[in-house]
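One letter stands for each residue in the lines below.
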Amino acid sequence: MALEHAILVALSEHTGTGYELARRFDRSGGDFWQATHQQIYRVLNRMADGGWVAAEHVEQTGRPDKKVYTVTAPGQAELTRWLAEPAQPVQVRDDLAVKIRGACFGDQAAVLAEVERHRAHHAERLAGYEVVERHEFPDRDVLTGHRLHEYLTLRGSITAERGLVAWYDEVRTALRRDSPA
């Protein structure tokens, strides 16, 4: 998927400035898409040049003017086309998995410390996603349409993070058992 498609989805949900899009991506914690502010502005300009989005210049008092982006008919057509095409299954390339596999050839304690660091990171992300789930989706059994799709995306992130935390727990138990005395 290209950043263009993530932006088309985000702008279809709600119009916004490049800054607002970057904040929404940041707040999603990566369960939706990750991009820097610079990447978003660069791609928005390319999308505007291609006719996928239109920018309305909004004057502001005491602050720089801003551009509010909306999806155009060609942008909606591209999003519709892209949504219908098959998505490639995710192929995970994980440096830590390679380190775990090779732990016996080096410093197992260093690999274990890295597993602990990754576990802490993913446990923190999981906790954040679970807070969002409790606060943003209290009545999840009645969700439909866009809210249901948002929730399902969040659930995918929660499930992935839970799986990683469980795997890191399994790995650290095994590495502690296997570590040389």
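Residues numbered from 1 in each chain as written. Predicted model: local features only at pLDDT ≥ 70, side-chain atom pairs only at ≥ 80, totals over all residues. Heavy atoms only, no water.

Enquirer: Give me the lowdown on the overall build of the chain, citing residues and values where you can.
Expert: When you go through the chain residue by residue, the secondary structure sums to 7 helices and 2 strands. Reading the chain from its N end, one meets helices and strands in the order α-α-α-β-β-α-α-α-α. Over its C-alpha atoms the chain spans a radius of gyration of 21 Å, topping by over 25% the 16 Å that the globule rule assigns to 181 residues. If one aligns the C-alpha atoms of the chain with their principal axes, the spans along those axes are about 70 × 40 × 40 Å. Evaluated residue by residue, the chain yields a buried proportion of 30% over its 181 residues. If you take every contact in the chain between residues at least 6 apart in sequence, the share linking residues at least 24 apart comes to 57%. Summed over its atoms, the accessible surface of the chain is roughly 11900 Å², and 54% of this surface lies on carbon and sulfur atoms. One finds the centroid of the 23 positive side-chain charges in the chain at a distance of 3 Å from the centroid of its 27 negative side-chain charges. (Helix = DSSP H or I, 4+ residues; strand = E, 2+ residues; numbered from the N terminus. Rg over C-alpha atoms; globule rule 2.2 N^0.38 Å. Buried < 20%, exposed > 50% of the residue type's maximum accessible area, 1.4 Å probe, protein only. Contact = heavy atoms within 4.5 Å. Areas by Shrake-Rupley, 256 points an atom, 1.4 Å probe, with all protein chains shown as cover. Lys, Arg positive; Asp, Glu negative; His and termini not counted. Charge placed at Lys NZ, Arg CZ, Asp CG, Glu CD.)

Enquirer: Describe the environment of Val53, listing the residues and the values that go with them.
Expert: The residue Val53 is located in strand β1 (residues 53-58) in this model. Sequence separation between Val53 and Ile7 is 46 residues, and the spatial gap between their C-alpha atoms is 9.6 Å. For Val53, the contacting residues outside a window of four places in its chain are Leu8, Leu11, Leu44, Met47, Ala48, Tyr69, Thr70, Val71 and Thr72.

Enquirer: Quick rundown of the UniProt feature "domain: Transcription regulator PadR C-terminal" (unreviewed entry) in the chain? Include the residues and the values.
Expert: Mapped onto this structure's residue numbering, the UniProt feature "domain: Transcription regulator PadR C-terminal" (unreviewed entry) falls at residues 92-176. Structurally, residues 92-176 comprises 80% helix and 0% strand, and the distance from its first C-alpha atom to its last is 25 Å. (UniProt positions renumbered as here; feature names shortened; annotations may be inferred.)

Enquirer: With reference to specific residues and values, describe the packing of helix α1 (residues 3-13) against helix α3 (residues 37-49).
Expert: At a minimum axis distance of 10 Å, the contact between α1 and α3 shows a crossing angle of 85 degrees. When the axes of α1 and α3 are compared, the pair comes out roughly perpendicular. Of the residues in α3, those in contact with Leu3, Glu4, Ile7, Leu8 and Leu11 of α1 are Gln39, Ile40, Val43, Leu44, Arg46 and Met47. Considered class by class, the residues forming the contact of α1 with α3 number 8 nonpolar, 1 polar and 2 charged. (Axes fitted to C-alpha atoms, helices over the stretch in contact; angles between N-to-C directions. Parallel < 35°, antiparallel > 145°, perpendicular 65-115°, else oblique. Nonpolar A, V, L, I, M, F, W, Y, C, P; charged D, E, K, R; others polar.)

Enquirer: Describe the pattern of salt bridges, and please don't skip the residues or the numbers.
Expert: With the rule as written, the count across this model stands at 12 salt bridges. A salt bridge links Glu114 to Arg117; the shortest N-O distance between them is 2.6 Å. Within this pair, Glu114 and its partner Arg117 are both found in helix α6 (residues 108-136), separated by 3 residues, close to a single helical turn. Between Arg162 and Glu130 there is a salt bridge, and its shortest N-O distance comes to 2.8 Å. Of the two residues, Arg162 sits in helix α7 (residues 145-178) while Glu130 sits in helix α6, which places them 32 residues apart along the sequence. Linked through salt bridges whose partners overlap, the residues forming this network are Glu116, Arg119, Asp169, Arg172 and Arg176. (Salt bridge = Lys/Arg side-chain N within 4 Å of Asp/Glu carboxyl O.)

Enquirer: Could you give me a rundown of α7, with the residues and numbers involved?
Expert: Between its terminal C-alpha atoms α7 stretches 49 Å, which fits the 50 Å expected from 34 residues at 1.5 Å a residue. Within the span of α7, buried status applies to Tyr151, Leu154, Ser157, Ile158, Glu161, Val165, Tyr168, Val171, Arg172 and Leu175. Packing partners of the buried residues in α7 comprise α5 (95-101) and α6. (Expected span 1.5 Å × (residues − 1).)

Enquirer: Mind laying out the packing of aromatic side chains, listing which residues take part and the relevant values?
Expert: In this structure the tally under the stated criterion is 2 aromatic pairs. A centroid spacing of 5.3 Å and a plane angle of 55 degrees characterise the contact between Phe137 and Tyr151, whose relative ring orientation is tilted. With Phe137 in the loop between α6 and α7 and Tyr151 in helix α7, this pair connects stretches of sequence that are 14 residues apart. Taken as a pair, Phe137 and Tyr151 share a single burial class, namely buried. Relative to Tyr168, the ring of Trp167 lies with its centre 5.3 Å away and its plane at 40 degrees, an arrangement referred to as tilted. (Phe/Tyr/Trp six-rings, centres within 6.5 Å; stacked < 30°, edge-to-face > 60°.)

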